[in-house]
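Results of the structural survey
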Amino acid sequence: MEYSVLGSSGEKVSRVCLGSMTWGLQNNQEDANQQIDYALAQGVNFIDTAEMYAVPPSPDTYGATETIIGNWIAEHQNQRKDIVLATKIAGGGLPYIRGGSAISGQSIIEAVDGSLKRLQTDYIDLYQLHWPNRTSPHFAKHWPGQVSFSKVNAEAEENEMLEILQALELCVKAGKIRYCGLSDDTPWGINTYLKLSQQNDLPKMVSIQNEFSLLHAKDWPYLIENCVHEDIAYLPWSPLATGLLSGKYAGGKRPEGSRWTLIQRNGLFRDTPNAHAATARYVELAADHNMSPAHLALAWCDQVDGVTSTIIGATTLDQLKENIAAFDKPLTTEVLTDIQQIFSEYPVPF
């Protein structure tokens, strides 16, 4: 296993980050225990979760994933120090989480304490804002006209960000969290937080996790360049495009228990003709080079300049084994050239 530095934190994290959002819905405690044990045995030291999980989110599964991880931690206290544990506070819009309110200083304090209790730990290594209070160009809102940036009150947003940073500082000083990060945000969000941190001597955001894959590479090059030069760790999530790049949804298939059989909060917006056409080409390319489609997609993501650690998830232990193994087998120049040809034909397929 190879390791990278988590932005300006100085903390070393594995190039593979174990995602957990299926635990508590598609996976139970025993499944999660097996996945954590296997991942750690392979050198993975980075685990990502969120108070909102399991996914798709619901009142019944809110906090379930953190609780499952907490149960594992309670049985493995001696290994807690070896794990970089990341979680996230939910943004506004879910009525069963703090009445659907936006992130505020008070909600940070409440959410941190709730996560610590469920995780059965004294501290969180990386505490992230799951999505910003303003509408951001993610979850199918990256097309022109989907977000009206000019209607955002930038001053009001900055005031909210300052309040959030001040609350995070209280948590850092109390020893409840070590580092802070973003998720589903933009260059403006990154740079505004950095500015406010510098101006007010507050914690600096050390990372951002956004959706990134062969089918959804909108963060390249501008946001990733921003991360590289500002020492922000870039953490891709959904590198298999919710399983699409594995090829399992080809021809309208919906394998039993797969994510696309579940009701999605934002709908199946990745389910487009171009996305399936691009995936078919990548699946064919993988076969030509005697590798799985998942290996192709994950190894491609890992080699992108600026990527720190890729968040992977699996519903079976066999899937997890295949996914982790992909990071030990870099793609050849020939394969990367072939990928670029397909990518140039389908740069934004959903």
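Here, the structure is the one placed above.
So, a few notes on the structure that sits alongside this text.

About the thresholds
- Residues numbered from 1 in each chain as written.
- Predicted model: local features only at pLDDT ≥ 70, side-chain atom pairs only at ≥ 80, totals over all residues.
- Heavy atoms only, no water.
- 1 Å grid on protein atoms, 1.4 Å probe; cavity = no way out; pocket = protein on both sides within 12 Å on 5 of 7 lines; lining within 4 Å.
- Points joined across faces, edges and corners; volume = space filled by probe spheres on them.
- Helix = DSSP H or I, 4+ residues; strand = E, 2+ residues; numbered from the N terminus.
- Core = buried A, V, L, I, M, F, W, Y, C linked by side-chain atoms within 4.5 Å.
- Buried < 20%, exposed > 50% of the residue type's maximum accessible area, 1.4 Å probe, protein only.
- Contact = heavy atoms within 4.5 Å.
- Pairing = 2+ DSSP bridges.
- Polar contact = N/O pair within 3.5 Å; in protein donor to acceptor, adjacent residues only side chain to side chain.
- Expected span 1.5 Å × (residues − 1).

**Details of the layout of surface pockets**
Here the second largest pocket is characterised by a volume of approximately 250 Å³. Together, Phe212, Ala217, Trp220, Trp300, Gln303, Val304, Asp305, Leu336, Ile339, Gln340 and Phe343 line the second largest pocket. Contributing elements (two or more residues each) for the lining of the second largest pocket: α8 (293–303) and α10 (333–345). Per-element accounting of the lining of the second largest pocket gives the leading share, four residues, to α10.

**Details of the nonpolar core**
Among the nonpolar cores identified, the biggest contains 84 residues, and Ile108 and Tyr282 are the most heavily contacted of them. Ranked by the residues each element gives to this core, the list is headed by α8, at seven residues. Apart from the residues lying within four places of it in its own chain, the contact partners of Ile108 are Ile89, Ile103, Tyr127, Leu129, Ile164, Ala167, Leu168 and Cys171. Residues Leu6, Val13, Phe46 and Leu235 belong to the second largest nonpolar core, which totals 13 residues.

**A word on the environment of Arg270**
Relative to the helices and strands, Arg270 is located in the loop between β9 (233–237) and α7 (273–288). The sequence separation of Arg270 and Ala241 amounts to 29 residues, and the corresponding C-alpha distance is 7.5 Å. When sequence neighbours within four positions are dropped, the list of residues in contact with Arg270 reads Glu211, Trp237, Ala241, Thr242, Leu244, Trp260, Ala275 and Phe350.

**Remarks on the pairing of strand β3 (residues 16–19)**
Side chains Val16 and Leu18 of β3 all project onto a buried face; the interleaved residues Cys17 and Gly19 project onto the opposite face, where all are buried too. When β3 meets strand β10 (residues 310–312), the two strands line up parallel, connected through three bridges. When the sheet's bridge partners are listed, Cys17 is paired in β10 with Ile311. In this structure, β3 lies alongside strand β4 (residues 46–48), joined through three bridges in parallel fashion.

**Considering the environment of Asp37**
Among the structural elements, Asp37 can be located in helix α1 (residues 29–41). For the pair Asp37 and Trp72, spaced 35 residues apart in sequence, the C-alpha separation works out to 9.5 Å. In this structure Asp37 touches Trp72 and His76, once residues within four positions along its chain are discounted. Among the polar contacts made by the side chain of Asp37, one reaches the side chain of Trp72 at a distance of 3.0 Å.

**Some details on helix α4 (residues 154–173)**
The end-to-end C-alpha distance of α4, which contains 20 residues, comes to 28 Å, matching closely the 28 Å that a straight helix rising 1.5 Å per residue would cover. Three or more residues of α4 are buried, namely Glu157, Met161, Ile164, Leu165, Ala167, Leu168, Glu169 and Cys171. Packed against the buried residues of α4 are α3 (105–119), β6 (124–129), β7 (177–183), α5 (187–200) and β8 (205–211). The N-terminus of α4 is capped by Asn153, whose side-chain oxygen sits 3.2 Å from the backbone nitrogen of Glu155. Following α4 by one or two positions, Gly175 has its phi on the positive side, about 80°.

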